[in-house]
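# Topology and contacts: notes
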Amino acid sequence: MTVVTASSANIDLQHYIGGKSVPASEGGRFELLSPVTEKLIATSAKGTAEDVDAAVKAARAQFDGGEWRRLSGSQRGQLLNRLADLIARDAELIADMDAGCIGRVPIEPRMLDLPNAIETYRTSAGWADKIEGRTIPTPGYMGMPTLSYTQRVPVGVVGAITPWNTPFMITAWKVGPLLAAGCTVVIKPSEETPHSALHLAQLAKEAGFPDGVINVVTGYGNVVGKALCTHPGIDKITFTGSPEVGAEIQRVAGPLFKRISLELGGKSPQIVFDDASLEAAAQGCAMGVFFNQGQVCAAGTRVLVQRAIAEKFAGMLAGAAKSIKVGDPAQGDVQMGPVAKKGQFERVNKYIREGIEEGATLLAGGETEHVQGWFVQPTVFANANNGMSIARDEIFGPVATVIPFDTEEEALQIANDSRYGLAATIWTANVSRALRVAQGIEAGAIGVNCWAPIDARLPWGGLKASGVGRECGRAGIEAYTEEKVITVLLA
């Protein structure tokens, strides 16, 4: 098995179709650059519609009548557990692949992404032989008794379009459940982070998955992603990324009646009441803003603080930001690397300039001059309001916006005044208040005195522009099935 790492230069990555590496066709190749050094990490195959067609045919053959279709749920579960074992074996390697591609501090994917991915595959393995139908009593058929029951059947071949910020973990959220359900897949990884998806496909072969169950086509969304969305052999699209791309996927794939799941952006509120433990809340809010350089869809970048403590708390959050050491993640004491790419660097700095122009008070960080690598200072604004662009738009960078409020009702109004509804956090010592506010917040996942709790057993997804559908947990499994009704006349 060929092992690819993000730290090794001159790596030439290929597609993975039908159980083997496949070189670039007429699409050629594209370069992957380190966000730390801006030097070449690797080149990768630039996928075409023809490459997608080959991958879909391989996946279709296994789903329609291949060895995979004939396996029982128990057998699929055994394969998923073997895959989890191999991922655990290679966990540090995989964490470094993803971290190297986006300039992330390696401890973060080792601490969160890989353990969560492994647990997702194990949890999915447990579900594989427990996908059950229902028996439904009815009055019968024209006066004669019937037996009506349902089966949950796999939806088919899935096109999985995955992001660059936490690529291996989010790929697991899609691939683990769909394999448990009996589907096959063509993965289109982000062009920034193809390494770990290709390694996953190789590990699946080592685990004993039939060739063609997992396929990977690398390349750009406007070619590979579009080809998946319009291919007649794809039954469902699952996508994680921006609302703008999600809307385009719905526009293109919707008329073809493909099933679509979308996990999109966020501008999550963290609400700090004056009875909260300020030390714990400051640490938690800092993690919610600055983890993975703020490049997290659930990042809690709107920090709503009760007015009596707003000034003090903003100072504590600014102190936390100033204490973060930014630099080359290869250095052991560095806590934050660069943002993933030039476009992100420019986007984050644009919003920092806008925050200053709009009148927010800059307490930490600020605009960063480019020297080498796409480094951005952790930034905190205070005395902001929810109408500012830094409070309304998903910046996808390490920028916190502190907004004061007076009452519980005002906090809810500000929290819900957003196009997004992915996650939220409530910091309070009052359990009754926590439950009231959690009930009122328009978001898919809410943490009380903790930030964005993520677990393989819990459904994950958002409301409004944050997406459609759920991943993980029972809901994640059922998202890759259809319910079929069978009625038998008993007379």
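Our subject in this report is the structure included herewith. Since this is a predicted model, take the numbers as computed values, not measurements.

What follows concerns the overall build of the chain. When helices and strands are tallied, the chain shows 15 helices and 22 strands. Its C-alpha atoms give the chain a radius of gyration of 23 Å, near enough to 23 Å, the size a compact globule of 491 residues would have. Considered along the principal axes of its C-alpha atoms, the chain spans approximately 75 × 65 × 40 Å. Looking at the chain as a whole, 57% of its 491 residues are labelled buried. Partitioning the contacts of the chain with sequence separation of at least 6, the portion at a separation of at least 24 is 73%.

What follows concerns the packing of helix H2 (residues 73-89) against helix H4 (residues 107-127). Where H2 meets H4, the axes come as close as 8 Å, and the angle between the chain directions of the two elements is 165°. The orientation of H2 relative to H4 falls into the category roughly antiparallel. Between H2 and H4 the crossing geometry is left-handed. In this structure, H2 contributes Gly 77, Leu 80, Asn 81, Leu 83, Ala 84, Asp 85, Ile 87 and Ala 88 to the contact, and H4 contributes Leu 114, Ile 118, Tyr 121, Arg 122, Ser 124 and Ala 125. A breakdown of the residues in the contact of H2 with H4 according to their chemical character gives nine nonpolar, three polar and two charged.

Let us look at the packing of aromatic side chains. Applying the stated rule across the entire model yields seven aromatic pairs. Seen in terms of ring centroids, Trp 164 and Phe 396 are 5.6 Å apart; in terms of plane orientation they differ by 90°. Their pairing is edge-to-face. Of this pair, Trp 164 sits in the loop between strand S7 (157-161) and helix H5 (167-181) while Phe 396 sits in the loop between helix H12 (389-392) and strand S16 (399-405); the two residues are 232 residues apart in sequence, bridging distant segments of the chain. Per residue, the accessibility class of Trp 164 equals that of Phe 396, and both read buried. Note that Arg 69 overlies the ring of Phe 63, its terminal NZ or CZ placed 4.4 Å from the centroid. Above the face of the Tyr 351 ring, Lys 350 is positioned so that its terminal group lies 3.9 Å from the ring centre.

Bringing unusual backbone geometry into the picture now. A positive phi angle, close to 50°, is found at Met 142, a residue other than glycine. Following the sequence through the fold, Met 142 ends up in the loop between H4 and strand S6 (146-154). Owing to a relative accessible area of 68%, Met 142 belongs among the exposed residues under this scheme. Even without being a glycine, Asn 292 presents a positive backbone phi close to 55°. The residue Asn 292 is located in the loop between helix H9 (278-290) and strand S13 (302-306) in this model.

Remark: a regular strand shows side chains that alternate across the two faces of the sheet. The pairing of strand S10 (residues 236-240) with strand S11 (residues 259-263) spans five bridges and is classified as parallel. Each residue of the ladder has a partner; that of Phe 239, found in S11, is Leu 262. Since S10 and S11 lie parallel, the crossover through helix H8 (residues 243-253) that links them has a hand, and here it is right-handed. The pairing of S11 with strand S21 (residues 467-468) spans two bridges and is classified as antiparallel. If you follow Leu 262 over to S21, its bridge partner there is Val 468.

So, on to the layout of surface pockets. The gaps left among the atoms become clear once a water-sized probe is rolled over them. Of the voids in this model, the largest pocket is the one considered here, and its volume is about 900 Å³. Along the wall of the largest pocket there are 39 residues; nearest its centre are Phe 239, Thr 240, Gly 241, Ser 242 and Val 245. Mapped onto the lining of the largest pocket, the elements with two or more residues apiece are helix H7 (221-230), S10, H8 and helix H11 (342-357). Here the lining of the largest pocket takes seven residues from H8, the largest share from any one element. Here the lining of the largest pocket is composed, by residue class, of 14 nonpolar, eleven polar and 14 charged.

Strand order in the open sheet formed by three strands is S1-S5-S4, and the pairing between neighbours is mixed. This sheet does not close on itself; its edge strands, each paired only once, are strand S1 (11-13) and strand S4 (29-33). Strand-to-strand twist of the sheet, defined as the mean angle between neighbouring strand axes without regard to direction, takes the value 25°. Alignment of S4 against strand S5 (residues 40-45), held across five bridges, turns out to be antiparallel. Paired with Glu 31 across the two strands is Thr 43, which belongs to S5.

This brings us to the pairing of S10. Burial analysis of S10 places five of its five residues in the buried class, the great majority of the element. Of the two faces of S10, the one lined by Lys 236, Thr 238 and Thr 240 and the one lined by Ile 237 and Phe 239 are each fully buried. Bridge count for S7 against S10 is four bridges, and the pairing is parallel. What sits directly across from Ala 160, in S10, is Thr 238.

With that out of the way, let us pick up a nonpolar patch on the surface. Judged by side-chain polarity, Tyr 141, Met 142 and Leu 489 come together as a nonpolar surface patch covering roughly 360 Å² of accessible area. On the secondary structure map, Tyr 141 appears in the loop between H4 and S6. You can call Tyr 141 partly exposed: its relative accessible area is 47%.

Taking strand neighbours across the sheet as the criterion, the seven strands line up as S14-S15-S16-S13-S12-S18-S19 in an open arrangement whose pairing is mixed. The open sheet has two free edges, formed respectively by strand S14 (361-364) and strand S19 (445-448), since each of these has just one partner strand. Mean inter-strand twist for the sheet, computed between neighbouring axes without regard to direction, equals 20°. Relative to S19, strand S18 (residues 423-427) runs parallel, the two being bridged by four bridges. Residue pairing in the sheet places Ala 423 in a bridge with Ala 445 of S19. Along the sheet face, H9 touches strand S12 (269-272), S13, strand S15 (379-382), S16 and S18 and points at about 170° away from the line of S12. Lying on the sheet, helix H10 (residues 307-322) is in contact with S12, S13, S14, S15 and S16; it crosses S13 at an angle near 140°.

Under the 1.5 Å per step criterion, the end-to-end length of helix H1 (residues 49-65) is 24 Å for 17 residues, consistent within 8% with the ideal 24 Å. Regarding H1, the residues found buried are Asp 51, Val 52, Ala 55, Val 56, Ala 58, Ala 59, Arg 60, Gln 62 and Phe 63. Residues of H1 that are buried make contact with strand S2 (15-17), S6, S7, strand S8 (184-188), strand S9 (214-216) and H7.

Parameters at a glance
- Residues numbered from 1 in each chain as written.
- Predicted model: local features only at pLDDT ≥ 70, side-chain atom pairs only at ≥ 80, totals over all residues.
- Heavy atoms only, no water.
- Helix = DSSP H or I, 4+ residues; strand = E, 2+ residues; numbered from the N terminus.
- Rg over C-alpha atoms; globule rule 2.2 N^0.38 Å.
- Buried < 20%, exposed > 50% of the residue type's maximum accessible area, 1.4 Å probe, protein only.
- Contact = heavy atoms within 4.5 Å.
- Axes fitted to C-alpha atoms, helices over the stretch in contact; angles between N-to-C directions.
- Parallel < 35°, antiparallel > 145°, perpendicular 65-115°, else oblique.
- Left-handed = near helix turned anticlockwise from the far one by under 90°.
- Nonpolar A, V, L, I, M, F, W, Y, C, P; charged D, E, K, R; others polar.
- Phe/Tyr/Trp six-rings, centres within 6.5 Å; stacked < 30°, edge-to-face > 60°.
- Lys NZ or Arg CZ within 6 Å of the ring centre and 35° of its normal.
- Pairing = 2+ DSSP bridges.
- Right-handed = clockwise from strand over helix to strand, strands pointing away.
- 1 Å grid on protein atoms, 1.4 Å probe; cavity = no way out; pocket = protein on both sides within 12 Å on 5 of 7 lines; lining within 4 Å.
- Points joined across faces, edges and corners; volume = space filled by probe spheres on them.
- Patch = residues over 30% accessible without salt bridge, like charges linked within 9 Å, V, L, I, M, F, W, Y side chains within 5 Å.
- Areas by Shrake-Rupley, 256 points an atom, 1.4 Å probe, with all protein chains shown as cover.
- Salt bridge = Lys/Arg side-chain N within 4 Å of Asp/Glu carboxyl O.
- Expected span 1.5 Å × (residues − 1).

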